[in-house]
Amino acid sequence: MQTNLADFIRNTPDGDEADAILRSCVHCGFCTATCPTYQLLGDELDGPRGRIYLIKQVLEGAPVTAKTQQHLDRCLTCRNCETTCPSGVKYSRLVDIGRKVVEQRVTRPFMERMQRLLVRETVSRKALFGTALALGRIARPLLSPALQDKIPLRQSAGAWPTRSHARKMWVLDGCAQPAMAPNINSATARVLDALGVQLLVAPRAGCCGALRHHLNEHEAALDDMRRNIDAWWPALHDGSVEAIVMTASGCGATVKDYGHLLAHDAAYADKAQRVSAATRDLSEILEEFIAVLPTRTRLSERVAYHPPCTLQHGQQIRGKVEAVLRAVGVEVVLCGDSHLCCGSAGSYSLLQPELSVQLRDRKLAHLAETGATTIVSANVGCSAHLQSGTDTPVLHWIELIDRALA
Ligand code: SF4
Ligand code: SF4
């Protein structure tokens, strides 16, 4: 695609990156068919090719309107289009740049700004989010059924192992997950303990930065990333910790991108590269232990696995979770549209509730067709979103491995 970027962005890091991405798109439209928002809305401008064209116009200096912003807001950043694209177009990087420019040009209505501020500053702060969720649980009976569904039930974390092992790994505690589903990380710690690995939480690490990044607070997101690098760096640098384990694939996709996002920060660029290189999704860690997992477990249930977009498209990891579950005797099935987003997409379910619920219900209908009695996923946001629309239990897959090893 030919480009002629406007002066305001030409020869800047964002401009150079956007220019290269735009030029790699041959406008074939293959990506359109696999875009969830195009499938729902049937509008070319709510599909990847149309959004790429909109961003091109914006970067070439065309007027920017609230309509442009709406088409970009409706994108889930699921990156399904990247998996489909035969030309390797890095759509997610382009949409980040496009959204940043549009945000500077279009003033959102007051209520929308307040909503985004509330989501950003509450969900990304572990203690504040924990308090808000606890209050929400108390007030649950007074809320509308739709709001009640959004509040996950209280969960016990179980015991965190106390044994020490020579092999040690960090785990990201994150922001929302400890309050929503504390058993995920403690189940991970128990499983890895049984396999001879000690899991540690760096007290000063927190939100991975994805939430602020996707809400166009790029500088604040970079500060989140620098804080996490500072928290992990000493033990990673001296070799006492060998890896950083991600139990939420959304966080994993972001931390694996620290190297790129901090590439222009002289003080952090090298450390960010090292941190990204040491970051592993939990399924990548467990894959190493498949041969020693017990095969004769009493887990005979049929389980439907929903692979999060941040795992299958963002990190391009496929098949590993299924392989680990099958290794302990779990019958795992995927639903027909397993490549499509469930509508959770980080803060999307809060900011675009109508589209999000349509995608959720479509996904749940396909998952129900599998006949599975349990649903598992690999990202707390997807699990909570799916659970808000079904009585079928939705777990993190490591919780099944924890049961198998118990
Ligand atoms: S992003 Fe890829 S698949 Fe989509 S129109 Fe461009 S080249 Fe074709
Ligand atoms: S990231 Fe997902 S929603 Fe956005 S354009 Fe690509 S396929 Fe569509």
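Now for a look at the structure at hand.

1. Looking at the sheet that holds strand β2 (residues 197-201)
Backbone-to-backbone hydrogen bonds pair the strands of a sheet. The strands run either parallel or antiparallel. Strand order in the open sheet made by the four strands is β2-β1-β3-β4, with parallel pairing throughout. Each of the sheet's edge strands pairs with one partner strand only, and the pair in question is β2 and β4 (279-281). For this sheet, the mean angle separating the axes of adjacent strands, direction not counted, is 40°. Relative to the sheet, helix α11 (residues 183-194) contacts β1 (167-171), β2 and β3 (243-246), its axis offset from that of β2 by approximately 150°.

2. Some details on the packing of helix α13 (residues 218-237) against helix α16 (residues 269-278)
For any two helices packed against each other, one specifies the crossing angle of their axes together with the interaxial distance. Where α13 contacts α16, the two axes come as close as 10 Å, and the packing angle between them is 75°. By the criterion of interaxial angle, the relationship of α13 to α16 is roughly perpendicular. Where α13 abuts α16, its residues I229, W232, W233 and L236 lie against K271, A272, R274, V275 and A278. When the residues that make up the contact of α13 with α16 are grouped by side-chain class, the tally is seven nonpolar, no polar and two charged.

3. Observations regarding the nonpolar core
The biggest cluster of nonpolar side chains holds 106 residues, and the ones touching the most others in it are V245, W397 and L400. Setting aside its immediate chain neighbours within four residues, W397 contacts Y305, V321, L325, V376 and A378.

4. Comments concerning the sheet that holds strand β8 (residues 394-396)
Within the open sheet, the four strands sit side by side as β6-β5-β7-β8. Their pairing is parallel. Every other strand in the sheet has two partners, leaving β6 (331-333) and β8 as the edge strands with one partner each. Put simply, the sheet's adjacent strands are angled 35° from each other on average, direction ignored. Pairing of strand β5 (residues 302-305) with β6, which is carried by three bridges, proceeds in the parallel orientation.

5. Here's the deal with the site of ligand 1
Around ligand 1 lies a shell of 15 residues, among which C25, C28, C31, C85 and V89 are the nearest. Take the shell around ligand 1: its biggest share by element is three residues, from helix α3 (residues 48-59). Looking at side-chain class alone, the shell around ligand 1 contains eleven nonpolar, three polar and one charged residues.

6. Focus on the pairing of β3
Pairing of β1 with β3, which is carried by three bridges, proceeds in the parallel orientation. The residue of β3 that forms the bridge with W170 is I244. Note: β3 against β4, three bridges, orientation parallel. Following the sheet pairing, I244 is matched in β4 by T279.

7. Some points on the pairing of β5
As defined by bridge partners, β5 adjoins strand β7 (residues 374-377) across three bridges and the pair is classed as parallel. When the bridges of β7 are listed, V303 appears paired with T374.

Here is what the cut-offs are and how they apply
Residues numbered from 1 in each chain as written. Chains lettered and ligands numbered in written order. Predicted model: local features only at pLDDT ≥ 70, side-chain atom pairs only at ≥ 80, totals over all residues. Pairing = 2+ DSSP bridges. Helix = DSSP H or I, 4+ residues; strand = E, 2+ residues; numbered from the N terminus. Axes fitted to C-alpha atoms, helices over the stretch in contact; angles between N-to-C directions. Contact = placed C-beta atoms within 7 Å. Parallel < 35°, antiparallel > 145°, perpendicular 65-115°, else oblique. Nonpolar A, V, L, I, M, F, W, Y, C, P; charged D, E, K, R; others polar. Core = buried A, V, L, I, M, F, W, Y, C linked by C-beta atoms within 7 Å. Buried ≥ 20, exposed ≤ 12 C-beta atoms within 10 Å, placed from the backbone. Near = placed C-beta within 6 Å.

These figures come from the coordinates and say nothing about function on their own.
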